[in-house]
Amino acid sequence: MKIGRKQKRQRGFAGFTLVELLVVVAIVAVLAGVIVVAINPAALLQKNRDAMRLDDLDNVHRALSLALADGEVTLVETGTCNNCTSGSGTQAVDGTGWVKFEVPTGKTGLAKYLPELPLDPLNLGSNIYTFGSAAGAYEINVVLESADNAPKMSTDGGNAAGVWEIGTSLTIL
Ligand SMILES: [Ca+2]
């Protein structure tokens with residue numbers, strides 16, 4: 001008997017049973033799960049934010065070092081400053097932002113080296129940048145999120161094992 005074109009096509013589709021299709025869907029779902037676990041997007045985002053934090057604090061540290069060396073700023077005693085953090089202070093780079101300093105007459109200040117103060121990528125709770133200065137030295141702190149960065153925080157030469165500390169005196173904060 002001759003099989004018509006329509007019948008042939010129907011046979012082709014009938015080649016995949018519902019069970020076979022379900023098995024394929026299940027395999028794809030398992031593979032997708034394995035890939036998500038292997039990549040761990042949440043951990044990746046934490047690492048990205050930490051990289052930004054290290055970059056930000058490095059930039060502020062470098063700008064402050066240059067400004068101090070060039071006599072563009074003088075440090076003040078921050079003491080119990082309540083807006084010396086990126087969470088409560090502004091991004092102003094004139095000494096009124098979360099990084100405090102004074103600009104000697106005729107000088108440009110930190111603005112010569114940094115357009116604005118950075119903010120922590122989350123800038124919430126303990127994820128903020130903190131500044132402190134005393135006796136001509138300063139310190140900037142941030143808490144890193146990624147578990148992989150915990151050793152960085154405990155071996156930075158500072159006095160807080162759970163905080164990344166950078167500056168010219170790491171015992172101010
Ligand atoms: Ca530390």
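Residues numbered from 1 in each chain as written. Predicted model: local features only at pLDDT ≥ 70, side-chain atom pairs only at ≥ 80, totals over all residues.

## Details of the domain arrangement of the chain
Logical step 1: You can read the domains of the chain as domain 1 (5–38) and domain 2 (48–167).
Logical step 2: Here domain 1 and domain 2 have C-alpha centroids that lie 56 Å from each other. (Domains from an automatic or database assignment.)

## A look at the sheet that holds strand β3 (residues 164–167)
Logical step 1: Spatially, the three strands line up as an open sheet ordered β1-β2-β3, and their pairing is antiparallel. Only two strands of the sheet have a single partner each, and these edge strands are β1 (130–134) and β3. Within the sheet, the average angular offset between the axes of one strand and its neighbour, ignoring direction, is 20 degrees.
Logical step 2: Both β1 and strand β2 (residues 137–142) contribute to a ladder of five bridges, which runs antiparallel. Among the inter-strand pairings, phenylalanine 131 is bridged to a residue of β2, identified as isoleucine 140.
Logical step 3: The sheet contacts of helix α3 (residues 41–69) involve β2 and β3, and relative to β2 the element is tilted by about 170 degrees. (Pairing = 2+ DSSP bridges. Helix = DSSP H or I, 4+ residues; strand = E, 2+ residues; numbered from the N terminus. Axes fitted to C-alpha atoms, helices over the stretch in contact; angles between N-to-C directions. Contact = placed C-beta atoms within 7 Å.)

## Description of the nonpolar core
Logical step 1: Counting residues in hydrophobic clusters, the biggest one holds 24 residues, and the most contacted among them are Val60, Val99, Leu110 and Phe131.
Logical step 2: For this core, the elements supplying multiple residues, two or more each, are α3 and β2.
Logical step 3: Ranked by residues supplied to this core, first place goes to α3 with five residues.
Logical step 4: Contact partners of valine 99, with chain neighbours within four places excluded, come to Val60, Leu110, Leu117 and Phe131. (Core = buried A, V, L, I, M, F, W, Y, C linked by C-beta atoms within 7 Å. Buried ≥ 20, exposed ≤ 12 C-beta atoms within 10 Å, placed from the backbone.)

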